[in-house]
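Here are the chains, one letter per residue:
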Amino acid sequence: MKIGIDVDGVLCDTGTTWIDWMIKTYVDVIIKPEEFKQKMYQCDSWEINTLAEQLLKDTVVPTNIEEFWLSSTLYDNIKPNVGSVSAIEYFKELGHEVFFVSSCFPEHQRSKYNWLKTHYNSDALIACPSQHKHRIPAFDIFIEDRPATIQALVDNTNTKCIQFVTKFYNIG
């Protein structure tokens, strides 16, 4: 069986890492860190960039909230989600082909690739924007956290989807 797995959100929590970076880099200027964190986790969409821009729009400090994603060392200190390494090993032991599918800025693609090689002993990274994952052919199963991506896969492919629930998405 061919299994496609999203990286950010499913294998690692880059969302919380990004929020922590935002607090360290910008937030103390205009909003208390706990208030910022609470608003980010209440966001009902992965579009936390948009919410962060709205919260930070009145600051006198210039902000580039995508700066985090442009780091060539982005994944160097990110830990795998608990249980993800053993789950991937188990899929491979059962004989399944595992592919990692993820959005990548060119600046951090090498870091993500190295992270997958280090933690999952894999170089099967397919760099693809979230809105185009449904165009990748022939996965039997896809594990994803983003509801819009799951819906596109269901609507456009025969792929069975498993939603990985994170603190950013709730089922229902």
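Everything discussed here concerns the structure shown above.
First, a word on what this report is: a plain description of the structure on this page. This structure is a prediction, so every number in the text was calculated from the model and none was measured. (Residues numbered from 1 in each chain as written. Predicted model: local features only at pLDDT ≥ 70, side-chain atom pairs only at ≥ 80, totals over all residues. Heavy atoms only, no water.)

Helix and strand counts for the chain come out as six helices and five strands. Of the regular secondary structure in the chain, the N- to C-terminal order runs β-α-α-α-α-β-α-β-β-α-β. By residue count, 41% of the 172 residues in the chain fall in the buried class. Residue pairs in contact within the chain that sit at least 24 positions apart in sequence constitute 64% of those at least 6 positions apart. Accessible surface, the chain as shown: approximately 9500 Å² in total, 50% of it carbon and sulfur. (Helix = DSSP H or I, 4+ residues; strand = E, 2+ residues; numbered from the N terminus. Buried < 20%, exposed > 50% of the residue type's maximum accessible area, 1.4 Å probe, protein only. Contact = heavy atoms within 4.5 Å. Areas by Shrake-Rupley, 256 points an atom, 1.4 Å probe, with all protein chains shown as cover.)

Moving on, we come to the side chain of Ser84. Within the secondary structure, Ser84 is located in helix α4 (residues 84-93). Assessed through its relative accessible area of 8%, Ser84 is described here as buried. A polar contact is formed between the side chain of Ser84 and the backbone oxygen of Asn81, at a distance of 2.8 Å. Side chain to side chain, Ser84 and Tyr120 meet in a polar contact 2.6 Å long. Look past the residues within four positions of Ser84 in its chain and what remains in contact with it is Leu11 and Tyr120. (Polar contact = N/O pair within 3.5 Å; in protein donor to acceptor, adjacent residues only side chain to side chain.)

What follows concerns the environment of Trp18. Residue position: Trp18 is located in helix α1 (residues 14-25). It is 9.5 Å that separates the C-alpha atoms of Trp18 and Glu66, two residues lying 48 residues apart in sequence.

Geometry only, nothing functional implied.
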